[in-house]
Amino acid sequence: MVRFPAGMRRAAVAAVAALTLTSLAACGDSSDSAVPGAGGGKTDDLLAAAPVAAADLPAGSAMAKIKERGQLLVGGSLDAPLLSQQNPVSGEVEGLDADFGRLLAKYIIGEPNVKIVNSASETREALISNGTVDVVLQTYSITPERAEQVAFAGPYYSSGLVVATKADETAIKTPADLNGKTVIAGANTPAIPAIEKAAPDAKIVTFGSDPECVQALKQGRGVAYVQDQAVLLATAKQDTSIKIHGEPFTTDPYGIGLKHGDEQFKKFVNDWLRKIQESGLWAKVWKNSVGTVVEGEAPEPPAIGSVPGS
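Thoughts on the overall build of the chain
A count of helical and extended segments in the chain gives eleven helices and 13 strands. In the chain, which comprises 310 residues, the proportion classed as buried is 53%. Sequence-distant contacts, at least 24 apart, represent 74% of the contacts inside the chain between residues at least 6 apart. Accessible area for the chain stands at about 13000 Å²; split by element, carbon and sulfur atoms hold 50% of it.

Structure representation (structure tokens):
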């Protein structure tokens, strides 16, 4: 079991993701049991307490169309424990982002009817703009560059980038130590410009998903992997061959991706976020997912609209 410093345990991390269960089993060096997706039956308690919007949604609005369809289409993951992990027994998708998706669906439709469209970091903008999904809930960091293509409600949580290596690596302790090294990052993620700024002489290699990046690190295709602390905490807790170095060196707020230019839908989703924050439901979602691994009380959510691009 990895023991995290007190500062890391208290860090305002939004969500935790890791390898898929099958990938972990294949590696053969992970510890004990898989990190859970969520707090089991407590999801039903969350849904029972969830608010529902007024019945008279504006005609022709995005939310009215979703209600008429009877299903919220969410761009997300099926292989991210504590975020959005499909339970191999029940088939249910569990985790922080999955719970938020169900709560938003209930707010719009009256029922937590969600279809998750598996998406990658390179495809999220296209899925939103072409109408394949209504929203993206996938630890989607808000950046001004992304905000030129999509709208962001929130932020609904905040994380930050950290450096992970194999556990026996001793030469890398800070982001500056990545200079001259081959470093792994997720494609189309804020990690790329962050590495370029912190270690201009690093060679960056990218992969499409977190499990691919972790596997590449374990295979020695790079000496380090830079990713959100929220994503890597569970990886390091689950797999003792991976080590996180220090605290986050950036701040990465997560937003709910929406179609660009739909201010009405953005306001609607932000109003919903405020409702679940003020009612204490947001904290219960955290305790039902991230809080099953990270010690302490739920952190304060970031202020809605508090970052450029939101």
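Anyway, onward from the coordinates.
Some thoughts on the nonpolar core
If you look at the biggest cluster of nonpolar residues, it comprises 55 residues, and the most contacted ones within it are Phe100, Ile108, Tyr156, Ile256, Phe265, Phe268 and Trp272. A per-element tally of this core places helix H5 (residues 96-109) first, with eight residues. Counting 13 residues, the second largest nonpolar core, distinct from the first, contains Leu161, Ile172, Ala185 and Ala202.

Digging into the environment of Pro299
For Pro299, the position within the fold is in the segment after helix H11 (281-288). Along the backbone, Pro299 and Tyr157 are 142 residues apart, and their C-alpha atoms lie at a distance of 9.3 Å.

A few points about the packing of aromatic side chains
What the rule picks out here adds up to seven aromatic pairs. The interplanar angle of 45 degrees and the centroid separation of 6.3 Å between the aromatic rings of Tyr156 and Tyr254 together place this pair among those described as tilted. Residue Tyr156 is located in strand S7 (residues 150-159), and its partner Tyr254 is located in strand S13 (residues 252-259); the two are separated by 98 residues in the primary sequence. A single burial state applies to Tyr156 and to Tyr254, both of which are buried.

Observations regarding the layout of surface pockets
Summary: where empty space remains is shown by rolling a probe the size of a single water molecule over the atoms. Considered as a void within the structure, the largest pocket measures approximately 500 Å³ in volume. Along the walls of the largest pocket sit 36 residues, with Arg124, Gln138, Thr139, Asp210 and Gln227 positioned nearest its centre. Elements that contribute at least two residues to the lining of the largest pocket include exactly strand S2 (79-80), strand S6 (135-141), helix H8 (210-218) and strand S11 (224-228). Considering each element in turn, the lining of the largest pocket owes the most residues, four residues, to S6. A per-class count over the lining of the largest pocket returns 15 nonpolar, 14 polar and seven charged.

Some remarks on the side chain of Thr165
With respect to the secondary-structure elements, Thr165 resides in strand S8 (residues 161-166). There is a polar contact of 2.7 Å between the side chain of Thr165 and the side chain of His245. When neighbours within four sequence positions are excluded, Thr165 is seen to be in contact with Ile172, Leu217, Val223, Ala224, Ser241, Ile242, Lys243 and His245.

Some thoughts on the pattern of salt bridges
With the rule as written, the count across this model stands at six salt bridges. Here Asp134 makes a salt bridge to Arg69, at a shortest N to O gap of 2.6 Å. One end of the pair, Asp134, is in the loop between helix H6 (124-129) and S6; the other, Arg69, is in helix H4 (residues 62-69), and 65 residues separate them in sequence. Through salt bridges with shared partners, a single network forms among Lys267, Asp271 and Arg274.

Considering helix H9 (residues 229-238)
Two residues of an α-helix separated by three or four positions point the same way, owing to the 3.6 residues in each turn. Where burial is concerned, most of H9 is hidden: ten out of the ten residues are buried. Among the residues of H9, those classed as buried are Gln229, Ala230, Val231, Leu232, Leu233, Ala234, Thr235, Ala236, Lys237 and Gln238.

Comments concerning the sheet that holds S6
Pairing is mixed in the open sheet, where five strands are placed in the order S5-S1-S6-S13-S7. Edge strands, defined here as strands with exactly one partner in the open sheet, are strand S5 (114-118) and S7. Sheet twist, expressed as the average angle between the axes of neighbouring strands with direction ignored, equals 25 degrees. The sheet contact formed by S6 and S13 spans three bridges and is antiparallel.

A short note on the pairing of S7
Regular strands have side chains that alternate between both faces of the sheet. The element S7 is largely enclosed, with a buried count of ten among its ten residues. Bridge count between S7 and S13: seven bridges; the pairing is antiparallel. Across the sheet, residue Ser159 finds its bridge partner in S13, namely Asp252.

A look at the confidence of the model for the chain
Mean pLDDT over the chain works out to 85, with 87% of the residues at or above the 70 mark. Under a pLDDT of 50 for its full length, residues 1-33 has, in the predicted model, 95 contacts with residues more than four places off or in other chains.

Section: empty space enclosed by the protein
Applying the stated criterion across every chain yields a total of one cavity of 30 Å³ or more. Every residue along the wall of the largest cavity is listed here: Val74, Gly76, Ser77, Ser84, Asp97, Ala98, Gly101, Val114, Ile116 and Leu137. Counting residues per element, the lining of the largest cavity draws most heavily on H5, which supplies three residues. Across the lining of the largest cavity, the residue classes tally to five nonpolar, four polar and one charged.

Let's talk about the packing of H5 against H11
Relative to each other, H5 and H11 sit at 145 degrees, their axes nearing to 9 Å. Between H5 and H11 lies a crossing of right-handed hand. Here H5 contributes Leu96, Asp99, Phe100 and Leu103 to the contact with H11, which in turn contributes Leu281, Trp282, Val285, Trp286 and Asn288. Tallied by class, residues from the contact of H5 with H11 come to seven nonpolar, one polar and one charged.

Thresholds applied
Residues numbered from 1 in each chain as written. Predicted model: local features only at pLDDT ≥ 70, side-chain atom pairs only at ≥ 80, totals over all residues. Heavy atoms only, no water. Helix = DSSP H or I, 4+ residues; strand = E, 2+ residues; numbered from the N terminus. Buried < 20%, exposed > 50% of the residue type's maximum accessible area, 1.4 Å probe, protein only. Contact = heavy atoms within 4.5 Å. Areas by Shrake-Rupley, 256 points an atom, 1.4 Å probe, with all protein chains shown as cover. Core = buried A, V, L, I, M, F, W, Y, C linked by side-chain atoms within 4.5 Å. Phe/Tyr/Trp six-rings, centres within 6.5 Å; stacked < 30°, edge-to-face > 60°. 1 Å grid on protein atoms, 1.4 Å probe; cavity = no way out; pocket = protein on both sides within 12 Å on 5 of 7 lines; lining within 4 Å. Points joined across faces, edges and corners; volume = space filled by probe spheres on them. Nonpolar A, V, L, I, M, F, W, Y, C, P; charged D, E, K, R; others polar. Polar contact = N/O pair within 3.5 Å; in protein donor to acceptor, adjacent residues only side chain to side chain. Salt bridge = Lys/Arg side-chain N within 4 Å of Asp/Glu carboxyl O. Pairing = 2+ DSSP bridges. Axes fitted to C-alpha atoms, helices over the stretch in contact; angles between N-to-C directions. pLDDT = per-residue confidence, 0-100. Left-handed = near helix turned anticlockwise from the far one by under 90°.

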